[in-house]
Each structure stands twice: as C-alpha cells, then as structure tokens.
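Spelled out from the first residue to the last, the chains are:
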Amino acid sequence: MKWYDHKAIRAFGLLAVISFCLVILSVTPLLAAGPTKGIKPQNRTHLRKGPPQVPNAQTHPLHLPSNPPKLVTFDPVSQQENPITSKWAARKTAAPAGAVSHTAGTCSSSTIDLKVLVISADGNESDLPAIKQALDYLGVPYTVYIASQTPGALTPDKLSTGCHGYYQGVILTNGLLAYYNGSAWASALSQQEWTDLWSYQASMGVRELSWYTYPSPDFGYQWPTSAIDTSQTPVPVNVTTQAQAAFPYLNTGNSIAIQNAYAYLAQPLTDGATTVVLSDTNGNALAAVRSYTDGRQALSLTFDSNPYLMHNIVLSYGLVNWLTQGLFLGSRHVYMSAQVDDAFLDDSEWIPSTPCGTIGDNLTTSYRITNSDLQATINWQQATRASAVSANTRLSMAFNGYGTVPGVYSPDTLTPFATTNQSTFNWVSHTYDHTNLDGMNYADANTEITKNNAAARHLGLTNFSKRNMVTPAVSGLTNPNFLQAAYNDGLRYLVTDTSIPAYNNPSPNAGIYNTYQPAILMIPRHPTNLFYSVSTPDEWAAEYNCIYASYWGRNLSYQEILDKESQMLVTYMLKGEMDPWMFHQINLRAYDGVHSLLSDLLDLTLQKYQQYYTLPILNPTMDTLGLTVAHWMQYTNAGVTASVIPGVSITIRAQRAATVPVTGLNIPGSEVYGGQHISYVHLAAGHSVTLPLI
C-alpha cells in the first residue's frame, strides 16, 4: 500500500493589501493499483494566492523653492542635432565660456562612463523608487546622490576629471530639487552646484531628465494653468509625432492615461527650442525637451510617479533610452511564461454552492481535463500565436506521469490525445505522483524524479528537459534529501513562490541559488488568484468572492475578476519581469466548449498589453529561462563598468566573469529587439574589451 496526499485549502483573512491562503494537508491511503476517480495524489501545504490588486503609493504636489536656481548657459560646445533622436557622436570639447575648472582646456576627445547620476533632494520623493525600479530592471548602473544630506558637495570633481566624464546622463527627482528643510521649501543644490552640473552637461553632451517638474519657461513651458489630482480625473496623453522615435516600443495609436498622480497642465513655449513629447487634447505639454543654446537638452515631465503607476511603468524605458542616447549597459525584454500544474491529474473543484470557509478536504467533486478541453486549449494557443506580438506563446505543462498510467483514470481521453499533440506544449516535471517533498527521504525523492523522467520518455515528450522541475506545492526546497537527489538526477532549475518573502526576487529578475545545493537555481514564480480549484466562471466568482468580498466591500462579477487579475499580470509584463506564473490544469476546462478561465485571463492580459506595447513577447522554456536568469545575476554581480568615446569606441570591463548585455551596440551576432541592437559581450574575470561604435 502506498500513501498519497490530496488537496485541501483554507482561506485566511486579508492582511493590508495582500491576502494569502494557507492550504492544509490531509493524507488518504490508496491502493497501489491507483486511486479511484476523484481521489488524487496531491496536496497544497503552503500554496498561496496572489495579491488582489497592484499596490499604490501616494504622490504629492510640488512646491517652488525659496532659492530657485538662476538658469545659466554657456557658449556652444557640443551642439546636438536632434532633441529626440541624436546619439553619441564625436563632439568638439573646447571649454565653454564661463565654465568651471573641470572643463578647462581643450579635449581632442572625451570619455564618458556608462552610468547614470540620480539626484534626489532628500530621498523621500515618491518617484525615486520608480526611477530606481526602471534602472534596476534594465540593469543600468547608477549612483543616487541625496543632495540635502551633503550641502555644497556636488563639486566638479564629483562629475569629471579633465576629459573623463563619470556619468552619461543625469536624472532629477524633481526639476528644482525642492524639499522641505524644516522651515521652508528650498532647492537642495546651491547656485554653484547647479552651475557646475549644467556646465558638465554642456561640455560632455550629457542629457538631463527631470522625472517630475513644475512647468516654467526654464523647462520650455508657459506657467501652468492648473494643477490636478488625476485619481479622480485621469488625463489621457499621446506621444507626439516628433517624439515617437524615442518610444519605438509603444503603440502610439493609443493614449496613455496619467492617473493617480498630481499633474500640472501648461502650454509649451513656441520659441522653437521646445519639443513636445506628451500632449493632451487641449494642447498642454505634459512632457517636453528643452534645447539650450549651449547644446544641453533636458526632458521634463509635469506629473508625479511611483513604482506602481501604469504611466510610469509604460514610459520609463523610453525615458531612460532617451537619456542614455540609445546606448547603455543592460537590456529589456518582455516575458509571459504560463506554467500549468497537475497536468494528467485531477483537481478538487469548488462548485458555486460550496459554503465559504470550506477546506479542500471537504470538496466533494473534482475535475480532470479531457481531450476536448485540451483541443480547445490548442485552438486558443494557435489563434494567439497568429499575432506577431504573441507568436511565441506556448503553455508549459507541469505534469505528473502517474496520471497517465492505464486504469488510474477511466475512461482516459486525455493521455492519448496529449501524447499525439505533445509538441504543441513545453513540458516540465511536477514529480511522478505529486507527493509533498518536504519530509521525503533520498530514495523516495530519487524515485519521484526518475519515474517522471521515464514517463516523459514513454510519452515521447520532445519539449522536455530533466533539468527542470516544479515541485508539488513548491515543497522540498529546504529538504537536503530531496535536493541531493535532485542534483544527482540532473535537476538544475526549480521554482519558488514569490508570495513568501524569502522566496521573492532578491532584486529585479534575480533568482535564488539553493542553500543546500548551490548548483540549483530557484526561479521565483508568481502565484495568481486563478485558483487551483476552479474551472468555470461561476466557480471562480464563488470562491474569489468568499475570499475577497471583504477586501472589495462587495462581490465582484466574473468580468471584474478578470480585469483585476489581468491588470496584475500585464503589470509584470510591462515592467520586464521574467518570473513565470502559476496555474493549474483545471483552469483549462472548456467551460462553453471554446473558452477556459485561463484563456479568458490571458486573452484580456494580452489585449491590455497590446494597448501599450508592440514588442514581441518571449516565452522561453524553463531551462532557457533559468539560464537567462543565471546570466542576468552574473552580470549584475560582476562589477561591470563601461566607458564610451563618442562616435569612436566602447570599452567594457568586468571584475568577475560575465556575459554583459549592451543595448545600442551593434556587433556581429547582436540581437535586434524592438528595433534596437543588443549585444552580449563575454568577459572573463578582470578582463576588458574595446569595441568600435558602428
């Protein structure tokens, strides 16, 4: 006799924004010949749910400082041809008239480090985390300088030495770096510091980006006509025709709503030196580039941001790309990796009449998808792949070979049909029979792994690698016995649950090397609120409202639930997150013969995505994703630096071995994504390489 676990789940109360559900384990003895229909070898001992909505953070109005800087310009030094599309090019670097000491002398050429300087007034601005998030997801090196903490310390030597500039771009949290010093609103930089900063930008051809700005003539605007809180009145804006080259990834046929943030409405100056980037239907400029007579270019936004606001997430790549003039360390891609657990098993079913508070032990029905359900899934996937944006879509089936054994399910229309169509999907081991791995001994763990690998061979699964596993209920990650067996059997990639703090990404797109087996990389995976126990709209609405009605203050309809959940998923995508998403086979039930809960959710997610982006979505296999995460971690921890001689060459250095992504660098073998070249430069520890700029 062999013991198997079946699912049970209990919803706990909501805490703040995020509510999780803890699943309680129960164990049922079954005959070795296989379970009868409706009794499954599964459990959900620590399976959690996703947050009910994207978090938010407060934004603030701006205040004019009592000591605003006086605008200073210099004699032309590095006049740039176009305020939107100009790239790093050879520049004459003669010292500007009135320049401070760091620009003295004439440089035959300048060297600029590929690093961004972020200047904050006091470190408390709501947009500072948004700025850091944008740079971190891209992998762009940066320094945060909090000006009020070291008054007068932004001296020329902090910016450059001779013809060597330390920063390729400057980001201001707000245009005048205004902050409250305890008695008044003041600029965190002195007039001399502002002059030195502007002189550096003029002499080196370095751009400035103000992430939140009170519009004024110095920034290319007329004085504002109004200030509004867009939480009640969103402001739709469009990228202007002349600025679209800076945002090649956007679907510029649609507007972007500035929402849940303070915004200032102002008309642009019409003196020929202001290029409007974002405008509303009344001709107000909400983002503009001001070109100064000394060659400086400053892009400013007249609305606030925080890391959770959609307008910030959508625009941030274009802002950084503009600031760096299309050449920076790091890269950006969009991912959608949907993993469907329990393939070939059945899942407990929450029928609409189930009383709230019912745990999984007391669910009386279950559902295992059929050949018809899988055919509907194949039809959906093929239709989704017909679009260029989602052409890479391929579901990953986390399967349990036990469910394919003859007699376990009878009749079994799924196994033969899935075998015939196996090349349609990616396949990942979910262990042989879904037994919890937390307390398992080495021998049993080895059996769980090797028997499922054998099942993959028997089924002829071509898109399968024994290097990957999704463990049942994300168990076994701290069990040395299982982990030793996993390593010995060739496993190198597992998944974690991001709702558990210790298993969330330690930094954007970073995984976690297992403590007991450091050769195994754990890829953080997002749980969702498409529960493991729902297969129809009525079922999902019933269980969802049992859990979240108190959070929302009412029951939500199926369409409202889809809207909430798709908003969470599309936010992951737009930020550039690599983390896969957790679903279950029961979610693939073709509840009307055509649609499933998962297809409905992903359809709406993709619809929202395409409202904003035109970038093709990547859907790598789990081992390819694991390798991508490993390379990303290697890069971000390798102490990589780079410098450019504009129009001539780029030099890249690494303290530790790494594959360095460089966006905007075109060398043989470079990738083209979203119309931009991305080169991957392999460096050994302590080595450097110099490459021509083409």
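Let me sum up the structure you'll find in this document. Note that the coordinates shown come from a computational prediction; the quantities given were computed from them, not determined experimentally.

This next bit is on the packing of aromatic side chains. Per the counting criterion, the structure on display carries 21 aromatic pairs. With a centroid separation of 5.1 Å and an interplanar angle of 85°, the aromatic rings of tyrosine 249 and tyrosine 613 are classed as edge-to-face. You can see tyrosine 249 sitting in the loop between strand 17 (235–239) and strand 18 (256–258) and its partner tyrosine 613 sitting in the loop between helix 10 (597–612) and helix 11 (622–636), a full 364 residues away along the chain. Accessibility expressed as a relative area gives 1% for tyrosine 249, which makes it buried. On the basis of an interplanar angle of 20° and a centroid distance of 6.4 Å, the ring pair of phenylalanine 531 and tyrosine 544 is categorised as stacked.

Turning our eyes to something else, we now look at the packing of helix 1 (residues 128–138) against helix 3 (residues 310–323). Contact pair helix 1 / helix 3: the axes reach a minimum separation of 10 Å and the direction vectors enclose 65°. Considering only the axes of helix 1 and helix 3, their crossing is right-handed. Counted together, Ala130, Gln133, Ala134, Leu135 and Leu138 of helix 1 and Asn312, Ile313, Ser316, Tyr317 and Val320 of helix 3 form the full contact between these two elements. Of the residues contributing to the contact of helix 1 with helix 3, the split by class is seven nonpolar, three polar and no charged.

This part covers the packing of helix 9 (residues 558–575) against helix 10. Two elements in contact, helix 9 and helix 10, have axes separated by 8 Å at closest approach and are oriented at 55°. In terms of orientation, helix 9 lies oblique with respect to helix 10. The way helix 9 lies across helix 10 gives a crossing that is right-handed. Residues Tyr558, Leu562, Asp563, Glu565, Ser566, Gln567, Leu569, Val570, Met573 and Leu574 of helix 9 form the contact with helix 10, whose own contacting residues are Leu597, Asp600, Leu601, Leu602, Leu604, Thr605, Leu606, Lys608, Tyr609 and Tyr612. By residue class, the composition of the contact of helix 9 with helix 10 is 13 nonpolar, three polar and four charged.

This part is about the sheet that holds strand 7 (residues 111–113). Within the open sheet, the six strands sit side by side as 10-11-7-34-35-39. Their pairing is mixed. Of all strands in the sheet, those with a lone pairing partner are strand 10 (160–161) and strand 39 (688–692), marking the two edges. The pairing of strand 35 (residues 649–653) with strand 39 spans five bridges and is classified as antiparallel. Paired with isoleucine 652 across the two strands is valine 689, which belongs to strand 39.

With six of seven residues buried, strand 21 (residues 285–291) lies mostly within the body of the structure. Summarising the sheet, strand 20 (residues 274–279) and strand 21 pair through five bridges and their orientation is antiparallel. Residue serine 279 lies in a different strand from strand 21, and its bridge partner there is alanine 285. Between strand 20 and strand 21, which pair antiparallel one after the other, the connecting turn spans five residues, and glycine 283 there sits at a positive phi close to 85°. Across five bridges, strand 21 lies against strand 22 (residues 297–301) in antiparallel orientation. Opposite alanine 287, over in strand 22, you have leucine 301 as the bridge partner.

About the thresholds
Residues numbered from 1 in each chain as written. Predicted model: local features only at pLDDT ≥ 70, side-chain atom pairs only at ≥ 80, totals over all residues. Heavy atoms only, no water. Phe/Tyr/Trp six-rings, centres within 6.5 Å; stacked < 30°, edge-to-face > 60°. Helix = DSSP H or I, 4+ residues; strand = E, 2+ residues; numbered from the N terminus. Buried < 20%, exposed > 50% of the residue type's maximum accessible area, 1.4 Å probe, protein only. Axes fitted to C-alpha atoms, helices over the stretch in contact; angles between N-to-C directions. Left-handed = near helix turned anticlockwise from the far one by under 90°. Contact = heavy atoms within 4.5 Å. Nonpolar A, V, L, I, M, F, W, Y, C, P; charged D, E, K, R; others polar. Parallel < 35°, antiparallel > 145°, perpendicular 65-115°, else oblique. Pairing = 2+ DSSP bridges.

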